[in-house]
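Okay, here's what each chain looks like letter by letter:
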Amino acid sequence: MTAFINRRPVTIEWGDCDPAGIVFYPRYFAIFDACTAALFQAALGMPKIQWTEKFGIVGIPMVDTRGKFSVPSAYGDEVVVESRITAFRRSSFDVEHRLLKADGALGVEGFETRVWVARDPNNPKGIKAAPIPAEVVAAFG
C-alpha cells in the first residue's frame, strides 16, 4: 500500500445522469479512469502523455474493475475522489478510489487492477506487460 493519495474534485454533470436523475453507474468508471490519470500526474509531476513517452509504454489498461455503490450522486453534486495505489507488482498494480459526497459520506468505492504495457517487440501491433520502473513505484512513496 502506498502513502500517496490524490484528491480530485468532480462536479456531477447532467450527462453523467440517467432518467432517474442519479449518476448512471458506468459514468463512475469513467470518472475513476480520469482520477487514475490525475493520480499518476500528481505523483510523477507530468501529464499522462509525457509519462507514457518517458517510460516508453502504450498505457495502463484495466484488466479488472469493480465498484461498491453506497450513496447515489445527482446532477450538480460536488464530490471529491480520493485515489491511491494499494499494491504494486512486477507489471500490474491496484488502484482504490473513494468518492466522497459534500457531507463526507462515502458514495462509491472503485477498484481497478491495471497493467503497465509496452509494444510487443515480436508483434508491433500488439502489446505486452512490462516491468513497472522503480522510479514510478518510488514516486508513490
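Each chain carries its own residue numbering, running from 1 in the direction its sequence is written. Owing to the predicted nature of the model, reporting of local features is limited to residues with pLDDT of at least 70; listing and counting of side-chain atom pairs is limited to 80 or more, with chain, interface and lining totals taken over all residues. As a rule here, side-chain values cover all heavy atoms of the structure and leave hydrogens and water aside.

Looking at the overall build of the protein chain
Right, so step 1: Each helix is a run of H or I in the DSSP string that is no shorter than four residues. Each strand is a run of E no shorter than two, and both are numbered from the N terminus. When helices and strands are counted, the protein chain shows three helices and seven strands.
Right, so step 2: Going from the N terminus to the C terminus, the protein chain shows its helices and strands as β-α-α-β-β-β-β-β-β-α.
Right, so step 3: For the radius of gyration, the atom set is restricted to C-alpha positions; the globular benchmark scales as 2.2 Å times the number of residues to the power 0.38. Here the C-alpha radius of gyration of the protein chain, 16 Å, is about what a compact globule of 141 residues would show, namely 14 Å.
Right, so step 4: Seen through its C-alpha atoms, the protein chain measures out along the principal axes to roughly 50 × 30 × 25 Å.
Right, so step 5: Here the protein chain, with 141 residues, has 41% of them falling under the buried criterion.
Right, so step 6: Taking as baseline every contact in the protein chain between residues at least 6 positions apart, the subset at least 24 positions apart corresponds to 63%.
Right, so step 7: Each accessible area value is a Shrake-Rupley result obtained with a 1.4 Å probe; residue values ignore everything except the protein chains displayed when judging cover. Counting only carbon and sulfur atoms, one obtains 56% of the accessible surface of the protein chain, whose full area is about 7500 Å². For each residue, the accessible area found with a 1.4 Å probe, counting protein chains only, is set against the maximum for its type, and the residue is called buried under 20%, exposed over 50%, and partly exposed in between. Any two residues whose heavy atoms approach within 4.5 Å are treated as being in contact.

With respect to the side chain of S92
Right, so step 1: Within the secondary structure layout, S92 lies in strand β4 (residues 92–100).
Right, so step 2: When residues no more than four places from it in sequence are discounted, the contact partners of S92 are A87, R114, V115 and I132.

Examining the pattern of salt bridges
Right, so step 1: The salt bridge criterion pairs a side-chain nitrogen of Lys or Arg with a carboxyl oxygen of Asp or Glu, the two atoms within 4 Å. For the structure shown, the criterion picks out nine salt bridges.
Right, so step 2: With a closest N to O distance of 2.8 Å, K101 and D77 form a salt bridge. Of this pair, K101 sits in the loop between β4 and β5 (106–115) while D77 sits in the loop between β2 (62–69) and β3 (78–88); the two residues are 24 residues apart in sequence, bridging distant segments of the chain.
Right, so step 3: Residue classification places K101 among the buried residues on the basis of a relative accessible area of 15%.
Right, so step 4: On the basis of relative accessibility, which here comes to 22%, the residue D77 falls in the partly exposed class.
Right, so step 5: What emerges from the salt-bridge pattern is a single network uniting R7, E82 and R98.

Some words on the packing of aromatic side chains
Right, so step 1: Pairs were defined over the aromatic rings of Phe, Tyr and Trp, the Trp ring being its six-membered one, requiring ring centres within 6.5 Å. Orientation was assigned from the angle between planes: stacked under 30 degrees, edge-to-face over 60, tilted for the rest. Tallied over the entire structure, the rule returns 13 aromatic pairs.
Right, so step 2: Summarising the aromatic geometry, the rings of F4 and F140 are spaced 5.9 Å apart at their centres and angled 90° between planes, so their arrangement reads as edge-to-face. Within this pair, whereas F4 is found in the segment before β1 (5–11), its partner F140 is found in the segment after α3 (134–139), the two being separated by 136 residues in sequence.
Right, so step 3: In this structure, R66 packs its charged tip against the face of F111, placed 4.1 Å from the ring centre. Charges are assigned to positions over rings by a cutoff of 6 Å between ring centre and Lys NZ or Arg CZ, combined with an angular limit of 35 degrees from the ring normal.

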